Amino acid sequence: MRKQVVQYLHCPIHHAPLELKIIDEADDGHVMVGRLMCPEGCEYSIVDGIPRLLPDSDAVVDGEDMSTLQKATIERFGYEWRYFQDWGWLTDYPDIPDAEEKFYGGLLENTRDAFWGKTLLETSDFTEGQVVLDAGCGNGRFCGISAGTGAEIIGVDLGHGVVSAFENTRQLPNVHIIQGDLFRLPFAEHTFDIAYSIGVLMHTGNAEKAFESVGRCVKP
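Scope of this entry: the structure provided in the associated data block. (Residues numbered from 1 in each chain as written. Predicted model: local features only at pLDDT ≥ 70, side-chain atom pairs only at ≥ 80, totals over all residues. Heavy atoms only, no water.)

## Brief notes about the pattern of salt bridges
Inclusion rule: By definition here, a salt bridge exists when the distance from a side-chain nitrogen of Lys or Arg to a carboxyl oxygen of Asp or Glu is within 4 Å. Helix and strand assignments come from DSSP, with helices taken as H or I runs of at least 4 residues and strands as E runs of at least 2, each series counted from the N terminus. Type-normalised accessible area, obtained with a 1.4 Å probe on protein chains alone, sets the label of each residue: buried when under 20%, exposed when over 50%, and partly exposed for intermediate values.
Applying the stated rule across the entire model yields 7 salt bridges. A salt bridge links E25 to K3; the shortest N-O distance between them is 2.6 Å. Remark: K3 occurs in the segment before β1 (19-25) and E25 occurs in strand β1; sequence separation between them is 22 residues. One salt bridge connects D181 with R184, and the closest N-O pair in it is separated by 3.1 Å. Of the two residues, D181 and R184, both sit in the buried class.

So this is what it looks like as structure tokens:
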């Protein structure tokens, strides 16, 4: 985690700004171990360079406890993005039998086409200095594409795929990866200039509420 991202982070429960305590900082400027403290008493860990901003309490949406679904999501998609860490980042398919069938869609050029085709955004929509949310970033492949616009990109994901996302984007100075819950995002209202979510909201259990939560964080 780069220190400059703290300015955007808020407690997902009390929506208060967080204070950073650094325990270990890497040579490349990333805070690898630390704490993020809320004035209301909540504390969140920074582990392996990633702020872990998941509340201890279960997510309840429209009166429904989402904890079982979220645990399954973490297990399945967390496993997927750790196992297929390089999917979407490949410059060429591995030189093994049936590689095209195994890894179809996994090339960087496929990721680039999917990003612009699915978001319907144009490069002219981005300007340097904007703050952009990738809601459900997986292994960070779309963060890598949007980072090329010069905007500040914050990728959020619920599961262990954030480790892959961090490893894949660590060298990009304008990408920040956070483990968080789309229903209880750790940002203030109107933080972002742009938000996108590709292939994620339908897996949350309540796409409408997840959409509303993301929308709350976007500037009018």
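## Overview of the nonpolar core
Quick note on the threshold: By convention a nonpolar core is built from buried Ala, Val, Leu, Ile, Met, Phe, Trp, Tyr and Cys residues, the set being connected through side-chain atoms within 4.5 Å. Any two residues having at least one pair of non-hydrogen atoms within 4.5 Å are treated as being in contact.
Judged by nonpolar contacts, the single largest core of 34 residues is most densely connected at L9, I154 and F187. Sorting the residues of this core by element identifies β2 (31-37), β3 (43-47), β7 (131-135), β8 (152-157) and α6 (207-216) as the ones contributing at least two each. Among the elements that take part in this core, β7 stands out by supplying 3 residues, more than any other. Sequence-distant contacts of I154, that is, excluding residues within four places in its chain, are made with V5, Y8, V131, V132, L133, D134, H176, I178, F187 and F192. If you look at the next biggest cluster of nonpolar residues, it comprises 22 residues, including C137, C143, A147 and A165.

## Section: the environment of L107
Looking at where L107 falls in the secondary structure, it is placed in the loop between α2 (99-103) and α3 (108-119). When sequence neighbours within four positions are dropped, the list of residues in contact with L107 reads G88, L90, T91, D92 and Y93.

## Re the pairing of β2
Filter applied, for reference: Strand pairing requires that DSSP identify at least two bridges connecting the strands.
Bridge count for β1 against β2 is 6 bridges, and the pairing is antiparallel. Across the sheet, the residue bridging to L20 is L36, located in β2. Count of turn residues in the β1/β2 antiparallel hairpin: 5 residues, of which G29 carries a positive phi of about 95 degrees. Inspection of the sheet shows β2 paired to β3 by 4 bridges, in the antiparallel sense. Directly across from R35, in β3, lies its bridge partner S45.

## Here we look at unusual backbone geometry
The phi angle at H15 is positive, at roughly 60 degrees, despite the residue not being glycine. The topology assignment puts H15 in the segment before β1.

## Overview of the pairing of strand β9 (residues 175-179)
Rules: We call a crossover right-handed when, viewed with the strands running away from us, the connection from the first strand over the helix to the second turns clockwise.
Burial runs high along β9: 5 of the 5 residues are buried. Judged from the 5 bridges that link them, β8 and β9 form a sheet pairing that is parallel. Bridge pairing in β9 links D157 to Q179. In terms of handedness, the path from β8 via helix α5 (residues 161-169) over to β9 forms a crossover that is right-handed.

## Overview of the packing of aromatic side chains
To keep it simple, the criterion reads: Two aromatic rings from Phe, Tyr or Trp, using only the six-membered ring of Trp, form a pair when their centres are within 6.5 Å; if the ring planes differ by under 30 degrees the pair is stacked, by over 60 it is edge-to-face, and anything between is tilted.
A full pass over the atoms with the stated rule returns 8 aromatic pairs. Where Y79 meets Y83, the ring centres are 5.7 Å apart and the plane angle is 20 degrees; that geometry is what we call stacked. Linking Y79 with Y83, this pair stays in helix α1 (residues 67-83), spanning 4 residues, or about one helical turn. Across the pair, Y83 and Y79 agree in class, each one exposed. Centre to centre, the rings of W116 and F126 are 6.0 Å apart; their planes meet at 90 degrees, and the pair counts as edge-to-face. Placement of W116 in helix α3 and of F126 in the loop between α3 and β7 is noted, with a sequence separation of 10 residues between them. A relative accessible area of 6% places F126 in the buried class. A network of ring pairs unites the aromatic residues F115, W116, F126, F142 and Y196 as a single cluster.

## Considerations on the side chain of S213
Within the secondary structure, S213 sits in helix α6. Beyond its immediate stretch of four places on either side in the chain, S213 contacts L182, F183, R184 and L185.

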